[in-house]
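Chain and residue survey
Residues per chain, in single letters:
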Amino acid sequence: MTSEQRGIRAGVRRLFRLAVRRRARLEREVDEELRIHLEMRVEQLVRRGTSPEAARAEALRRLGGYHEARRRLHHAAERRERRMRIREWVDEARQDFAYAARGIRARPGFAATVIATLALGIGANAIMFGVVDRLLLRPPAHVAEPERVTRIYFREDAPEWMGGGKMTDATTTYPAVVALREEVPSLEEVAGVFRTRSTVGRGAAAREIDLTWVDGNFFRLLGVRPAAGRFFTPEEDLPPVGARVAVLSHAFRRGHFAGEDPIGREIAIGATPFTVVGVAPEGFTGADLENTDIWIPVSALASEGFGENWHTASDSWWIRPIGRLREGATMERVAAEATVAHRREVRSWGNANRDTLPTVIAGPILAARGPEGVPAEAKVSLWLVGVAAAVLLVACANVANLLLARGVQRRREIAVRLALGVGRGRLVRQLLAESALLAALAAGVALLVAQWGGQLVRAALLPDVAWGQTAVDGRILALTLGATVLAVLLAGLAPAARAGATDVVGALKLGAGRGGSGRSRLRTGLLVAQAALSVVLLVGAGLFVRSLLKVHDVDVGIDLERVLLVRTDLRQAGYEPPRILETFRRAQERLAAVPGVEYTALVAASTPMRTANAIRVRVAGRDSLPDLPHGGPYFGAVTADYLATLGAEIVRGRGFTDADEATGARVMLVNRTVAKYWFPGEDPIGRCVMVGKDEACTEIVGVAEDILLFRMVGEERGQYYVPLTHPAAVAEAGPPRAMLVRAATGGEAVAAAVRREVQTLAPDMPYVHVQRYSDLVAPELRPWRLGATMFGIFGALALVIAAVGLYGVIAFAVAQRTHEIGVRMALGAAGGRIVRAVLLDALGLVGAGFALGALAALAAGRWIAPLLHDTSPREPAIYVAVAATFAAVAVVASAIPAWRASRVDPAVALRAD
């Protein structure tokens, strides 16, 4: 055990002994007071003629018993002592904090370093707690008794083409929702929810909205009250066609009606007018965390989207059920009853292809905590909470090192104060007060960091979540307070205890310019711990960056930065199919004259990242076809420039021509996946295929590379394409649903011009949405981008803090060893040798930290591996890069102290001693 450790332990034991002595003193004073009082009363009674024995008995009787009197006096003395001690503590605390404030003003550079270091550590924790609090802890706003609201999930065996195993889904059919509502006694209410996007307005005033279809009992189920008007009722949501009524969100009402009363006003959603009956309270987003602009009854538009018999259709999975438990019901009981009811409903569908029946699972209202598994963003966020805590530990270790170094410099000052009679306990409290004041100032700065940084993280990395008005609320304030207390304990306790255990005689014997030894095991250990934690963070950053780069390298068949998707819902706006096609053709003509536009193409049926339509085909001479991975084959009706617009290539045969489109030729392109599974070892060119109900032969004329349909990674989907004028396309796909535009350079600059041209095609044009494909795939990349960004920021932050700590330790050690270095140089040591010794010292510290951090990162690799893409958590190149980074940081951080050491004048150093 080192002398420092012995001193700290001695300080703790001394504080404990002081508390014990205080209690013993109080008991002695009470006993003495009681003895004097009892003797005075006995003496008084004896003078009146009472015998001594009778006088003592009478005195005790009047006291109510010796032990009872002693207990009352002891309690009274404790209360008096407590009040006095509180007053003393308040006075001493005021003096201690005043002394600390004077010390901070006297050393502004030191104070600024400590405050900035702690502020970054506390602020990082506040930012990440705000993210996890919203995703995993805090229920949606305005929901009454959220613990009684449950999400309903359906788990069943996945088909072989999906890899087998168990599949969990949150969507089901509308009849299944009705069955749950009517046949599960433990559920007080059941409602269905369907989120989509739609448009309001026409022409230049058109805008896109987030629209949610809900059952009429949805608001009653959640227990929310309207901010204005009323909510629609179950009577207004009776299938097949319900009332055209709508409830606005608070934000939409403020932005769309600009202070006007919207109740009773009409608003056109698509081509259908709705009457506004109510406004939801501010911050209400329903049972989800995403923003919603308008809620409408399920039956109001379902018949338009799903056909006249939508409410009895058993083959359309689209709606998500939620429920409210009755008083006393449990999730397990609900799941058991719902499983029986749902299986009964599934049997009534008469689906002979079902080998197994689904099991119902009841989950909490927060989707991120449901049985589908924590979403990747939430998983990464949980890791980032640990990362932020590591940054706080690094910051606390660095501050503790700074305070320890400063304590060594002040050792003689502290010894003088102890020699003049300052109590060791009071001295420790003064030093803790200084640490607390620094931490409090850091907490104030940390709240500013959390406000600014939290908004930046939310907007840049998790834009789809409805966050609320501010990044700092009561819960963040409470966390900041807790982190501040933790910082005071971690960073200030050891330096204060060590200072309180100072050897007065030994410290007074030191020269005025010397504060003790140049190296402390405690300070060295703190520095190694900082380096180890920084290594873990930088390795994590490297793994996520590599995963992100690997995902970007995936060939999806689309030039993501240059291709734009142009969408507008002309059908919902009331356009007939001929007018839809004519409108899109006019848009193509207009865009051909827009600078920067290279190609345009129309697409119906399956649109990459938007819609997918699977239509079965038959191959002449084949009785059956092998199943394709992930279903399909998916069908697309496209114009001739489709592949050129996307930037995809033909790998065999030819593509479509203008002549194919003009004549409605029965020709087809298949992608590589179809060719691999249906024509292994064969040439598919020239094969005859019948599409859907079309009995005529369609000839395969080319094989295209695989093109992104839904997901960038882990997806192999069979697709085929026919010209937009192909008879099967006209019958099965109908008019175009979207247009694709290829820009000559980055599509962001062209997007505004494209939208302006298309939006002004007609006065009644619905909202035109233009997006780059890089933005469309951004949600899928978000977990890796979130991990790479935040691990990188926190890792760099920890590295900078560790570098500052390393510089401080090396510089302090050099300053403390000035006499030793002077002696060595006087004996002939060259300046270069001194520099080399200092640099090797720094590299040794960093090397020890890297070794510990690398072992910790390797141990944590198996937990982080599921979050990575095509990247091993033991990637050697990442560890080599981190090692090189730390070596460079060690050299840079120790360069100035090493240079100063080499410039020591031996004569001056020896005279200073």
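In this report, we go over the structure that sits alongside the text. (Residues numbered from 1 in each chain as written. Predicted model: local features only at pLDDT ≥ 70, side-chain atom pairs only at ≥ 80, totals over all residues. Heavy atoms only, no water.)

What follows is about the nonpolar core. Phe218, Phe219 and Tyr642 are the most contacted members of the largest nonpolar core, which totals 127 residues. Counting residues per element, this core draws most heavily on helix 23 (residues 778-816), which supplies 16 residues. Dropping the residues within four chain positions of it, Phe218 is found in contact with Ala191, Val193, Phe284, Gly286, Ala287, Trp295 and Ile322. Counting 49 residues, the second largest nonpolar core, distinct from the first, contains Ala587, Met668, Val691 and Val770. (Core = buried A, V, L, I, M, F, W, Y, C linked by side-chain atoms within 4.5 Å. Buried < 20%, exposed > 50% of the residue type's maximum accessible area, 1.4 Å probe, protein only. Helix = DSSP H or I, 4+ residues; strand = E, 2+ residues; numbered from the N terminus. Contact = heavy atoms within 4.5 Å.)

This next bit is on the pairing of strand 15 (residues 634-638). For strand 15, the buried fraction is high: five of the five residues fall into the buried class. Covered by surrounding structure in strand 15 are Tyr634, Gly636 and Val638 together with Phe635 and Ala637, the residues of both alternating faces. Bridge count for strand 15 against strand 20 (residues 719-723) is five bridges, and the pairing is parallel. Its bridge partner lying in strand 20, Gly636 is registered against Tyr721. (Pairing = 2+ DSSP bridges.)

So, on to the side chain of Glu705. Its place among the elements puts Glu705 in the loop between strand 19 (698-704) and strand 20. Buried within the structure, Glu705 lacks any salt-bridge partner; its nearest side chain of opposite charge belongs to Arg672, at an N-O separation of 5.0 Å. At 2.8 Å, the side chain of Glu705 forms a polar contact with the backbone nitrogen of Glu649. When sequence neighbours within four positions are dropped, the list of residues in contact with Glu705 reads Asp555, Gly557, Gly647, Ala648, Glu649, Val651, Asn671 and Arg672. (Lys, Arg positive; Asp, Glu negative; His and termini not counted. Salt bridge = Lys/Arg side-chain N within 4 Å of Asp/Glu carboxyl O. Polar contact = N/O pair within 3.5 Å; in protein donor to acceptor, adjacent residues only side chain to side chain.)

For helix 26 (residues 876-902), built from 27 residues, the straight-helix expectation of 39 Å at 1.5 Å per residue is met to within 8% by its first-to-last C-alpha distance of 37 Å. The largest bend in helix 26 comes to about 45°, at Ala895, with the proline Pro897 one to four residues further on. Among all positions in helix 26, only Ile878, Tyr879, Val882, Phe886, Val889, Ala890, Ala893, Ser894, Pro897, Ala898, Ala901 and Ser902 are buried. (Expected span 1.5 Å × (residues − 1). Bend = angle between axes of the 7 residues up to and from the residue.)

The next subject is the pattern of salt bridges. Tallied over the full model, the rule gives 35 salt bridges. Notably, a salt bridge pairs Glu183 with Arg344, separated by 2.5 Å at the nearest N-O pair. Within this pair, whereas Glu183 is found in helix 5 (residues 174-183), its partner Arg344 is found in helix 9 (residues 331-348), the two being separated by 161 residues in sequence. Glu183 sits in the partly exposed class, given a relative accessible area of 33%. Between Asp764 and Arg579 there is a salt bridge, and its shortest N-O distance comes to 3.3 Å. Pair noted here: Asp764 is in the loop between helix 21 (747-759) and strand 22 (769-772) and Arg579 is in helix 16 (residues 577-592), with a separation of 185 residues, a long-range link. On the accessibility criterion, Asp764 (27% relative accessible area) is partly exposed. Arg579 sits in the partly exposed class, given a relative accessible area of 36%. Each member of the salt-bridge network shares a partner with another, and the members are Glu145, Arg148, Glu188 and Glu327.

Remember that the coordinates give geometry; whether it matters functionally is a separate question.
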